[in-house]
Amino acid sequence: DTAVSQTPKYLVTQMGNDKSIKCEQNLGHDTMYWYKQDSKKFLKIMFSYNNKELIINETVPNRFSPKSPDKAHLNLHINSLELGDSAVYFCASRHGLAGLSTDTQYFGPGTRLTVL
Amino acid sequence: AQSVAQPEDQVNVAEGNPLTVKCTYSVSGNPYLFWYVQYPNRGLQFLLKYITGDNLVKGSYGFEAEFNKSQTSFHLKKPSALVSDSALYFCAVRGGGSQGNLIFGKGTKLSVKP
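A brief look at the structure comes next. Because the structure is predicted, anything quoted here is derived from the model rather than measured.

## Comments concerning the sheet that holds strand S8 (residues 73–78) of chain A
All names here are of chain A.
Right, so step 1: Across the sheet, 4 strands lie side by side as S1-S3-S8-S7; this open sheet has antiparallel pairing. Both outer strands of the open sheet, strand S1 (4–7) and strand S7 (64–70), are each paired with one neighbouring strand and no more. With strand direction ignored, the average angle separating the axes of adjacent strands in the sheet is 20 degrees.
Right, so step 2: In the sheet, strand S3 (residues 19–25) pairs with S8 via 4 bridges, with the strands oriented antiparallel. Within S8, the position partnered with Lys-19 by the bridge is Ile-78.

The structure is reproduced here in structure tokens:
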């Protein structure tokens, strides 16, 4: 009974390619997030998505685009991959409206992206 | 702006000894504080959180944390460390504004030796 799942777990690709990472939560949560963990293990928010409202961290390049087909899914599409995109990407979800809820965020297992 | 600081990159503890992983915070408004643990090649697992109420918060796997408003700290503690507690620990604060995302510290690597 995986609460927040991501596919694939590992992704190795060439520079310049386009790839997608999928995230699904079966918790009935209202808000979903994408975080990036760099090589130094530092975690930083990329996007939040709540009730069809997307909030983008201003430092995220526009090559990254989240897509939410429904409330339980938030996929991450990356165009023209660069070496610096190599990282672990975590999806998370939480009950309640993004700006109001103090509920716990639950994280997926992560997708390790390696760009060669 | 909301932020947390974890002053120690690594904490070394002998099995059976008490452990403390430090975290200090800087927030405008009420602090909503969290601790997560990351085992190697795994996702982040929630340990505990402070929203309001008792300053001593109990969480998973025998961990607890003490919220100290005057010292703006939220240190993670466990009375008796296990080798299996060895992992990367993150303190986080809920960000302000409309995203409500978590803002993480840089992480502290806990190493428990037998």
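## Examining the state of the cysteines
Right, so step 1: Under the criterion given, the structure shown has 2 disulfides over all chains.
Right, so step 2: A sulfur-sulfur distance of 1.8 Å marks the disulfide that ties Cys23(A) to Cys91(A). A torsion of -75 degrees about the S-S bond marks the disulfide between Cys23(A) and Cys91(A) as left-handed. Residue Cys23(A) is located in strand S3, and its partner Cys91(A) is located in strand S9 (residues 87–94); the two are separated by 68 residues in the primary sequence. Cys91(A) matches Cys23(A) in its accessibility class, with the two residues each being buried.
Right, so step 3: Residue Cys23(B) pairs covalently with Cys91(B) via a disulfide, S to S 2.0 Å. A torsion of -60 degrees about the S-S bond marks the disulfide between Cys23(B) and Cys91(B) as left-handed. Note that Cys23(B) is positioned in the loop between strand S3 (19–21) and strand S4 (24–26) and Cys91(B) in strand S10 (residues 87–94), a separation of 68 residues in sequence. Residues Cys23(B) and Cys91(B) agree in their burial class; the two are buried.

## Regarding the nonpolar core
Right, so step 1: Core analysis: the largest hydrophobic core is formed by 27 residues, its most contacted members being Trp35(B), Leu47(B), Leu48(B), Phe74(B), Leu76(B) and Tyr89(B).
Right, so step 2: Looking at this core, the elements that each hand over two or more residues are strand S2 (10–14), S3, strand S5 (33–38), strand S6 (44–50), strand S8 (64–68), strand S9 (73–78), S10 and strand S12 (108–113) of chain B.
Right, so step 3: In this view, Leu48(B) contacts Leu33(B), Phe34(B), Trp35(B), Val57(B), Lys58(B), Gly59(B), Phe63(B), Glu64(B), Ala65(B), Phe74(B) and Leu76(B); residues no more than four positions away in its chain are not counted.
Right, so step 4: Core analysis: the second largest hydrophobic core is formed by 20 residues, Trp34(A), Phe64(A), Leu74(A) and Ile78(A) among them.

## A closer look at the side chain of Arg63(A)
Residues and elements named next belong to chain A.
Right, so step 1: One can find Arg-63 in the loop between strand S6 (53–56) and S7.
Right, so step 2: Of the residues examined, Arg-63 reaches a relative accessible area of 13% and is grouped as buried.
Right, so step 3: Of the polar contacts made by the side chain of Arg-63, one reaches the side chain of Glu-82; its length is 3.4 Å.
Right, so step 4: For Arg-63, the side chain forms a polar contact with the side chain of Asp-85, separated by 2.8 Å.
Right, so step 5: Once you skip the residues sitting within four places of it in the chain, Arg-63 turns out to touch His-77, Ile-78, Asn-79, Ser-80, Leu-81, Glu-82 and Asp-85.

## Here we look at the side chain of Gln6(B)
Residues and elements named next belong to chain B.
Right, so step 1: Within the element layout of this structure, Gln-6 appears in the loop between strand S1 (3–5) and S2.
Right, so step 2: Note on Gln-6: relative accessible area 3%, which makes it buried.
Right, so step 3: Only 3.2 Å separates the side chain of Gln-6 from the backbone nitrogen of Gly-107, close enough to count as a polar contact.
Right, so step 4: Of the polar contacts made by the side chain of Gln-6, one reaches the side chain of Thr-108; its length is 3.1 Å.
Right, so step 5: Ignoring anything within four residues of it in the chain, the contact list for Gln-6 reads Val-21, Lys-22, Trp-35, Tyr-89, Phe-90, Cys-91, Gly-105, Lys-106, Gly-107 and Thr-108.

Rules behind the numbers
Residues numbered from 1 in each chain as written. Chains lettered and ligands numbered in written order. Predicted model: local features only at pLDDT ≥ 70, side-chain atom pairs only at ≥ 80, totals over all residues. Heavy atoms only, no water. Pairing = 2+ DSSP bridges. Helix = DSSP H or I, 4+ residues; strand = E, 2+ residues; numbered from the N terminus. Axes fitted to C-alpha atoms, helices over the stretch in contact; angles between N-to-C directions. Disulfide = S-S within 2.5 Å. Buried < 20%, exposed > 50% of the residue type's maximum accessible area, 1.4 Å probe, protein only. Core = buried A, V, L, I, M, F, W, Y, C linked by side-chain atoms within 4.5 Å. Contact = heavy atoms within 4.5 Å. Polar contact = N/O pair within 3.5 Å; in protein donor to acceptor, adjacent residues only side chain to side chain.

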